[in-house]
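# Structure assessment
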Amino acid sequence: SSGTGLWTSSGPGSASFSPGASSAGATVTVDALGLYTFTWTETNGPCTDNNSVNVHFYQQPLANAGPDGNALCDSKEYTLAAIPSVGTGAWTYTGAGTASFFPDATTAGAIVTVSNFGMYTFTWTETNVVCSDNNSVDVHFYQQPVADAGTGGNECDLDFVLNAVPSVGTGTWTWSGPGTASFFPNANTAGATVTVNAYGAYTFTWTETNGVCSSNNSVNVHFYHQPVAHAGSGGNECDLNFVLNAVPSFGTG
């Protein structure tokens, strides 16, 4: 208003003013958090007046929601691991279903239970009066596949129709045997037709993978060469003996 003004302070720590305590719009810096009273005193000759304001200095929270992770296979529970700083924290979420927190959403290490498998984002928000911060983690909840490779069998050529029963995730056929194998239309088809290049016994394994969870099951298939029977020629015999003349192919005649 008039005269010369000067800032003074009281509070839990000391205060410094920039560019100086006589600047009405000074920036004040304190060395301890808490409640301070700043008094502006104006002096004009023998006349003075003062007025005060209260300022609260709060510590800024630094939210840390912990690491991303995967729940145990076929589990809808996961233990969160936020690291509290200051203020009050609370969990919120977005995802494929609903979520509940035990013992409650304000517990940094709460156990979360979800209603559906899938990916969820959990956000840990810390609030210290007027100051806040948040940090998020992604958690995947995967259903456990239960692989069923179907039935094997015997085949009188080099082709066999596989018959796996899919559950969840992505399935893939692999094999072991005396030759190579190709799958039509591809190795990810549960009912693929497999063609081998050599006769013999093969093991076909159907592996299902869902995120970090997997399961496999196998069937055995024997590929046999198809016999082509040729009994040769008959004829006429002038006694009781005849020499047969079959032409063997494969197997036992």
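What this report covers is the structure whose coordinates are included nearby. (Residues numbered from 1 in each chain as written. Predicted model: local features only at pLDDT ≥ 70, side-chain atom pairs only at ≥ 80, totals over all residues. Heavy atoms only, no water.)

### With respect to the packing of aromatic side chains
- Counted according to the given criterion, the structure contains 16 aromatic pairs.
- Taken together, a centroid distance of 5.1 Å and an interplanar angle of 50° make the contact between Trp7 and Trp40 tilted. Of this pair, Trp7 sits in strand β1 (residues 4-10) while Trp40 sits in strand β4 (residues 34-44); the two residues are 33 residues apart in sequence, bridging distant segments of the chain.
- Under the relative-accessibility criterion, Trp7 is labelled buried at 18%. (Phe/Tyr/Trp six-rings, centres within 6.5 Å; stacked < 30°, edge-to-face > 60°. Helix = DSSP H or I, 4+ residues; strand = E, 2+ residues; numbered from the N terminus. Buried < 20%, exposed > 50% of the residue type's maximum accessible area, 1.4 Å probe, protein only.)

### Some words on the environment of Thr4
- Residue position: Thr4 is located in strand β1.
- Overall, Thr4 belongs to the exposed group, its relative accessible area being 54%.
- Along the sequence, Thr4 and Val86 sit 82 residues apart, while their C-alpha atoms lie 41 Å from each other.
- Sequence-distant contacts of Thr4, defined by excluding residues within four places in its chain, comprise Thr41, Glu42 and Thr43. (Contact = heavy atoms within 4.5 Å.)

### A word on the sheet that holds strand β16 (residues 181-184)
- What the three strands build is an open sheet, ordered β14-β17-β16; its pairing is antiparallel. Of all strands in the sheet, those with a lone pairing partner are β14 (159-161) and β16, marking the two edges. Mean inter-strand twist for the sheet, computed between neighbouring axes without regard to direction, equals 25°.
- In terms of strand pairing, β16 meets strand β17 (residues 193-196) through four bridges, oriented antiparallel. When the sheet's bridge partners are listed, Phe183 is paired in β17 with Val194. (Pairing = 2+ DSSP bridges. Axes fitted to C-alpha atoms, helices over the stretch in contact; angles between N-to-C directions.)

### Looking at the side chain of Glu126
- Locating Glu126 in the fold gives a position in strand β11 (residues 118-128).
- One buried charged residue, Glu126, forms no salt bridge at all, with the nearest opposite charge on Lys76 at 30 Å.
- A distance of 3.0 Å separates the side chain of Glu126 from the side chain of Trp124, its partner in a polar contact.
- With residues up to four places along the chain from it excluded, the contact list for Glu126 reads Pro61, Leu62, Ala63, Ile83, Pro84, Ser85, Val86, Thr88, Gly89, Cys131, Ser132 and Asp133. (Lys, Arg positive; Asp, Glu negative; His and termini not counted. Salt bridge = Lys/Arg side-chain N within 4 Å of Asp/Glu carboxyl O. Polar contact = N/O pair within 3.5 Å; in protein donor to acceptor, adjacent residues only side chain to side chain.)

### Thoughts on the state of the cysteines
- What the rule picks out here adds up to one disulfide.
- Covalent S-S linkage joins Cys73 and Cys213, the inter-sulfur distance amounting to 2.1 Å. On the S-S bond that ties Cys73 to Cys213, the torsion sits near -105°, and the link is left-handed. Separated by 140 residues along the polypeptide, Cys73 in the loop between β6 (69-70) and β7 (77-79) and Cys213 in strand β19 (residues 213-223) bring together distant segments of the chain.
- Taking relative accessible area as the criterion, Cys213 reaches 0% and is therefore assigned buried. (Disulfide = S-S within 2.5 Å.)

### Details of the environment of Gly234
- Mapped onto the secondary structure, Gly234 falls in the segment after β19.
- Gly234 sits in the exposed class, given a relative accessible area of 61%.

### Things to note about a nonpolar patch on the surface
- Where nonpolar side chains cluster on the molecular surface, the patch consists of Tyr58, Val129 and Val130 and spans about 290 Å² of accessible area.
- If you trace the backbone, Val129 turns up in the loop between β11 and β12 (131-141).
- Judged by relative accessible area, Val129 falls into the exposed class, the value being 54%. (Patch = residues over 30% accessible without salt bridge, like charges linked within 9 Å, V, L, I, M, F, W, Y side chains within 5 Å. Areas by Shrake-Rupley, 256 points an atom, 1.4 Å probe, with all protein chains shown as cover.)

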